[in-house]
Amino acid sequence: MPTDPVLQIKPLGFPWETIDPFLFCVYHDDAYPKGNGRFGPDASLAGRDLGQDFVEKDGWRMYHGMSVPGFPSHPHRGFETVTILRKGLIDHSDSLGATARFGGGDVQWLTAGRGIVHAEMFPLLDTVEPNPLELFQIWLNLPARSKMAAPHFTMLWSQDIPRHVATDETGRRTEVACIAGRLGEPGVQTPLPPPDSWASQPEADVAIWTVKMAPGARWTLPSATGAGTRRSLYFFKGRSVTLAGQVLDRHAAVELLAAQPVEIVNGDETAEFLLLQGRPIGEPVAQYGPFVMNTRQELQQAFDDYQRTQFGGWPWPDNAPVHGSAPERFARHADGRVERCPAVGKPG
């Protein structure tokens, strides 16, 4: 008799609980109002703890931003960030001299490696209509051998991310966007992850997928291919779903037995999921704030190095750069290479 593939179910918190090789996952969903013409909200900021505004007042937060929402310059070492931007725009700037503006389904994969300082600001370009923002940021650990790798970022533009559409016997659709990891269907390949990433090792079996199911749709999540793989499925949108016969009527983080396929039957509203899976790195984790190493001594060295070098310094005139009012997406890398993409929406 098959083993129950549902190992445990937990309510979604803030941030979401993760399993090695993942360190952290946060879901931001902010209903920003129209912009004020200076990239911030056209609304009073009174009553907010500016610089530490994480309370969802009026449906949105300023985070560490003072006039523009977002995260002004801050350091990282020893891991990677994967930012999946579903709605809105992010302006990236870093200590390597690189910049980017991305949105509308784009993904930025940043290898912090031996150290980088970056800013992630959320410019509100539309001065007529609201500026909704929705994103995941996932922290993926680096193995000890790669923690001091050279930092860099990769842009996975929305149009280049493979999307597999499955239709059940009633014609209802399930769409899977594969940011990392092969789904197993012919022709569904993902862009290569950064070379120093744990995800670049075939035996690591890392997958990062988003899943969207139409009301009433039925789909089977295939089993993982790697030995020792662990898998979390986050149900974050929709009314109710059934996983392997178990009804979920509230949003939840579900740890699944990766070696077994799991049938998912959706309820009467569109449902969405994030899947994170991978073989654990299985090394000690020493973490303090933005630094993730293997020992306390390495953490202290990270702090010492940052105080001494600022990980290359900050080449921008302020700590929260915004890249103008043009809505086009782009990435300008430290080596001078430029990628350009059309706008995802014209601001007012």
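Residues numbered from 1 in each chain as written. Predicted model: local features only at pLDDT ≥ 70, side-chain atom pairs only at ≥ 80, totals over all residues. Heavy atoms only, no water.

Caption draft 1: Inspection of empty space enclosed by the protein at higher detail. With the rule as written, the count across this model stands at two cavities of 30 Å³ or more. In this structure, the largest cavity occupies an estimated 50 Å³ of space. Looking at the largest cavity, the residues that line it are T18, I19, D20, P21, F22, R230, R231, S232, Y234, L276, Q277 and G278. Residue assignment for the lining of the largest cavity shows that the elements contributing at least two residues are β15 (230–237) and β20 (271–278). Top contributing element to the lining of the largest cavity by residue count: β15, with four residues. When its residues are assigned to classes, the lining of the largest cavity shows five nonpolar, four polar and three charged. Here the second largest cavity is characterised by a volume of approximately 30 Å³. Lining the second largest cavity are K10, P11, L12, G13, W16, E17 and A253. (1 Å grid on protein atoms, 1.4 Å probe; cavity = no way out; pocket = protein on both sides within 12 Å on 5 of 7 lines; lining within 4 Å. Points joined across faces, edges and corners; volume = space filled by probe spheres on them. Helix = DSSP H or I, 4+ residues; strand = E, 2+ residues; numbered from the N terminus. Nonpolar A, V, L, I, M, F, W, Y, C, P; charged D, E, K, R; others polar.)

Caption draft 2: Main features of the pattern of salt bridges. This structure, assessed with the given rule, holds 22 salt bridges. Close ionic contact of E169 with R218 constitutes a salt bridge, the shortest N to O distance being 3.9 Å. Residue E169 is located in the loop between β11 (163–167) and β12 (173–180), and its partner R218 is located in strand β14 (residues 218–221); the two are separated by 49 residues in the primary sequence. Given the relative accessible area of 66%, E169 is considered exposed. (Salt bridge = Lys/Arg side-chain N within 4 Å of Asp/Glu carboxyl O. Buried < 20%, exposed > 50% of the residue type's maximum accessible area, 1.4 Å probe, protein only.)

Caption draft 3: Representation of the side chain of T99 within the structure. By secondary structure assignment, the location of T99 is in strand β6 (residues 99–103). Judged by relative accessible area, which is 5%, T99 ranks as buried. Excluding residues that lie within four positions of it along the chain, T99 makes contacts with H92, S93, F153, W316, H323, F330, A331 and R332. (Contact = heavy atoms within 4.5 Å.)

Caption draft 4: Molecular detail of the sheet that holds strand β16 (residues 241–243). Pairing is antiparallel in the open sheet, where four strands are placed in the order β14-β19-β16-β17. For this open sheet the edge positions go to β14 and β17 (246–248), each flanked by a neighbour on one side alone. Averaged over all pairs of adjacent strands, the angle between their axes in this sheet comes to 25 degrees, without regard to strand direction. Sheet topology note: the β14/strand β19 (residues 262–266) ladder contains four bridges and is antiparallel. Paired with T220 across the two strands is E263, which belongs to β19. (Pairing = 2+ DSSP bridges. Axes fitted to C-alpha atoms, helices over the stretch in contact; angles between N-to-C directions.)

Caption draft 5: Main features of the sheet that holds strand β10 (residues 152–156). One open sheet holds the five strands; their spatial order is β2-β9-β4-β7-β10, and the pairing between them is antiparallel. Of all the strands in the sheet, the pair left with one neighbour each is β2 (22–32) and β10. Each strand of the sheet is rotated relative to its neighbour by a mean of 15 degrees, with strand direction disregarded.

Caption draft 6: Spotlight on the pairing of strand β24 (residues 338–341). Going residue by residue along β24, you find E339 and C341 tucked away on one face and V338 and R340 left uncovered on the opposite face. In the sheet, strand β23 (residues 329–332) pairs with β24 via four bridges, with the strands oriented antiparallel. Counterpart to R329 in the pairing with β24 is C341. Hairpin connection from β23 to β24: five residues lie between these consecutive antiparallel strands, with G336 at a positive phi of about 95 degrees.

Caption draft 7: Local environment of the layout of surface pockets. Quantified by volume, the largest pocket comes out at close to 480 Å³. If you trace the largest pocket, you find 25 residues lining it, with G181, R182, P202, D205 and V206 closest to the centre. The space that makes up the second largest pocket amounts to roughly 340 Å³. Around the second largest pocket, the lining comprises 19 residues; the ones closest to its centre are F24, F71, H74, Q137 and W139. At the level of elements, β2, β3 (70–76) and β9 (131–141) are the ones that each hand at least two residues to the lining of the second largest pocket. The greatest single-element share of the lining of the second largest pocket, amounting to four residues, is contributed by β3. Of the residues contributing to the lining of the second largest pocket, the split by class is twelve nonpolar, six polar and one charged.

Caption draft 8: Quick look at the nonpolar core. Ranked by internal contacts, the top residues of the largest apolar core, which has 27 residues, are I84, W109, I138, I208 and L274. Residue assignment for this core shows that the elements contributing at least two residues are β2, β4 (79–87), β7 (107–111), β9, β12, β15 and β20. In terms of nonpolar packing, the next biggest core, distinct from the first, is built from 25 residues, L183, A207, L233 and L256 among them. (Core = buried A, V, L, I, M, F, W, Y, C linked by side-chain atoms within 4.5 Å.)

Caption draft 9: How the structure looks around helix α1 (residues 296–309). For α1, which comprises 14 residues, the first-to-last C-alpha distance of 20 Å matches the rise-based estimate of 20 Å (1.5 Å per residue) to within 8%. Every buried residue of α1 is listed here: L299, A302 and D305. Looking down the long axis of α1, one finds its buried residues gathered within 125 degrees of arc, a one-sided arrangement. α1 presents R296, Q297, Q307 and R308 as exposed residues on the side facing more than 90 degrees away from its buried surface. Those residues of α1 that are buried lie in contact with β21 (286–288) and β22 (291–293). Looking one or two places after α1, you find Q310, whose phi comes out positive at around 55 degrees. (Expected span 1.5 Å × (residues − 1). Arc of directions from axis to C-beta.)

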